[in-house]
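If you want the building blocks of each chain, they are given just below.
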Amino acid sequence: DSGVTQTPKHLITATGQRVTLRCSPRSGDLSVYWYQQSLDQGLQFLIQYYNGEERAKGNILERFSAQQFPDLHSELNLSSLELGDSALYFCASSVGTFNSPLHFGNGTRLTVT
Amino acid sequence: DQQVKQNSPSLSVQEGRISILNCDYTNSMFDYFLWYKKYPAEGPTFLISISSIKDKNEDGRFTVFLNKSAKHLSLHIVPSQPGDSAVYFCAASEGAGNNRKLIWGLGTSLAVNP
């Protein structure tokens, strides 16, 4: 058990809808990362937060947004969903120091129909 | 353009033998490399890492070798066990401060046969 909790595990929704994915980081970790893994794709970095503030941005679409709350949990909001957004979305956390390893949750599988 | 390449999508090894997973990279600015293991229906788990100032790091049955001139690293698992069957991801990082980036390979699926 990595200590990172992601909810929900599965999500099925229709195109054009909006969903929110939730992540609780490992106790003591200040950094939260969001990744997307599509079929036959590696892990694509979306965004990172550190202690409530955005630290780094990857290939995150404008339709997607995230935030980290004072209790350090994070939410990833996906809107105007398209079929191509179907993927596994992973949250990871770390203590946030240089090269500290990431601890991943078990992911949320999003299916857009 | 894939900066981190794991050219073997899958590998099959007999229990007790050595498993060698390979990773090539193109960016000479990468200064830290990590291997993660992923079981089905779980997130990746950190396995072992190596800094670019070293050429070898060992942790129990797992050893990572780095050849900077060839821009190549490999993960050796000795002896391989059925529980090692998983997808292995190679990742590399570069940059400073808020610009630090971690780039992932597509993974190699390892099957260790009893």
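The rules behind the values
- Residues numbered from 1 in each chain as written.
- Chains lettered and ligands numbered in written order.
- Predicted model: local features only at pLDDT ≥ 70, side-chain atom pairs only at ≥ 80, totals over all residues.
- Heavy atoms only, no water.
- Helix = DSSP H or I, 4+ residues; strand = E, 2+ residues; numbered from the N terminus.
- Rg over C-alpha atoms; globule rule 2.2 N^0.38 Å.
- Buried < 20%, exposed > 50% of the residue type's maximum accessible area, 1.4 Å probe, protein only.
- Pairing = 2+ DSSP bridges.
- Polar contact = N/O pair within 3.5 Å; in protein donor to acceptor, adjacent residues only side chain to side chain.
- Phe/Tyr/Trp six-rings, centres within 6.5 Å; stacked < 30°, edge-to-face > 60°.
- Contact = heavy atoms within 4.5 Å.
- Buried area = accessible area lost by both parts, 1.4 Å probe.
- Salt bridge = Lys/Arg side-chain N within 4 Å of Asp/Glu carboxyl O.
- Nonpolar A, V, L, I, M, F, W, Y, C, P; charged D, E, K, R; others polar.
- Disulfide = S-S within 2.5 Å.

Some words on the overall build of chain B
Helix and strand counts for chain B come out as zero helices and eleven strands. The linear arrangement of helices and strands in chain B, starting from the amino end, is β-β-β-β-β-β-β-β-β-β-β. Computed over its C-alpha atoms, the radius of gyration of chain B comes to 14 Å, within 12% of the 13 Å expected for a compact globule of 114 residues. The C-alpha extent of chain B, read off along each of the three principal axes, is 45 × 30 × 20 Å.

Brief notes about the overall build of chain A
Counting its regular elements, chain A contains zero helices and eleven strands. Seen in sequence order, chain A has helices and strands lined up from the N terminus as β-β-β-β-β-β-β-β-β-β-β. Radius of gyration (C-alpha) of chain A: 13 Å, near the 13 Å computed for a compact globule of 113 residues. Based on the C-alpha atoms only, the size of chain A along its principal axes is roughly 40 × 25 × 25 Å. When burial is assessed residue by residue, chain A has 50% of its 113 residues classed as buried.

Here's the deal with the pairing of strand β10 (residues 101–104) of chain B
Residues and elements named next belong to chain B. Only one face of β10 is buried: it carries Leu 102 and Trp 104, and the other face, with Lys 101 and Ile 103, is open. Two strands pair when backbone bridges link them, and strand β9 (residues 86–94) and β10 are joined in this way by four bridges, in the antiparallel orientation. Bridging from a neighbouring strand, Ser 93 pairs with Leu 102 of β10.

Comments concerning the environment of Asn 7 of chain B
Residue and element names in this part refer to chain B. Mapping Asn 7 onto the fold places it in the loop between β1 (4–5) and β2 (10–14). Along the backbone, Asn 7 and Cys 23 are 16 residues apart, and their C-alpha atoms lie at a distance of 7.2 Å. In terms of polar contacts, Asn 7 uses its side chain to reach the side chain of Asp 24, at 3.3 Å.

Side note on the packing of aromatic side chains
Scanning all chains against the criterion turns up 13 aromatic pairs over all chains. Ring geometry for Tyr 25 of chain B and Phe 33 of chain B: centres 4.8 Å apart, planes at 40°, overall tilted. For the pair shown, Tyr 25 of chain B and Phe 33 of chain B are each scored as buried. Within the aromatic cluster, the residues linked to one another by ring pairs are Tyr 35, Phe 45, Phe 90 and Phe 104 of chain A together with Tyr 36, Phe 46, Phe 89 and Trp 104 of chain B.

Regarding the sheet that holds strand β3 (residues 19–25) of chain B
Residue and element names in this part refer to chain B. Taking strand neighbours across the sheet as the criterion, the five strands line up as β1-β3-β8-β7-β6 in an open arrangement whose pairing is antiparallel. A strand with exactly one partner marks an edge of an open sheet, and here the two such strands are β1 and β6 (56–59). The pairing of β1 with β3 spans two bridges and is antiparallel. Bridging from a neighbouring strand, Val 4 pairs with Tyr 25 of β3.

A few points about the interface of chain B and chain A
Residue-level contacts link 17 residues of chain B with 16 residues of chain A. In total, about 1,400 Å² of surface goes out of reach between chain B and chain A, with carbon and sulfur atoms giving 59% of it. Scanning the region where chain B abuts chain A turns up zero salt bridges. Connecting chain B to chain A are five residue pairs in polar contact (both at pLDDT 80 or more). Mapped by element, the contributors of at least two residues to the side of chain B that touches chain A are β4 (32–38), β9 and β10 of chain B. Among the elements that take part in the side of chain B that touches chain A, β4 of chain B stands out by supplying three residues, more than any other. Its residues assigned to classes, the side of chain B that touches chain A shows nine nonpolar, five polar and three charged.

Notes on the state of the cysteines
Linking two cysteines covalently via their sulfur atoms produces the bond known as a disulfide. Residues and elements named next belong to chain A. All told, the structure shown has two disulfides over all chains when counted by the stated rule. Disulfide pairing is shown between Cys 23 and Cys 91; the S-S distance is 1.8 Å. Between Cys 23 and Cys 91, the S-S torsion sits near -55°, and that sign places the bridge as left-handed. Here Cys 23, found in strand β3 (residues 19–24), pairs with Cys 91, found in strand β9 (residues 87–94); they are 68 residues apart in sequence, far enough to count as distant.

Here we look at the pattern of salt bridges
Tallying each qualifying case throughout the model produces six salt bridges over all chains. Of the charged contacts in the structure, one is a salt bridge between Arg 22 of chain A and Glu 75 of chain A, with a shortest N-O distance of 4.0 Å. You can see Arg 22 of chain A sitting in strand β3 and its partner Glu 75 of chain A sitting in strand β8 (residues 74–78), a full 53 residues away along the chain. The partner of Glu 58 of chain B in a salt bridge is Lys 56 of chain B, with the nearest N and O atoms 3.9 Å apart. Each of the salt bridges in this network shares a partner with another, and the network as a whole consists of Arg 63, Glu 82 and Asp 85 of chain A.

Note that all results are geometric; they support no functional claim without further evidence.
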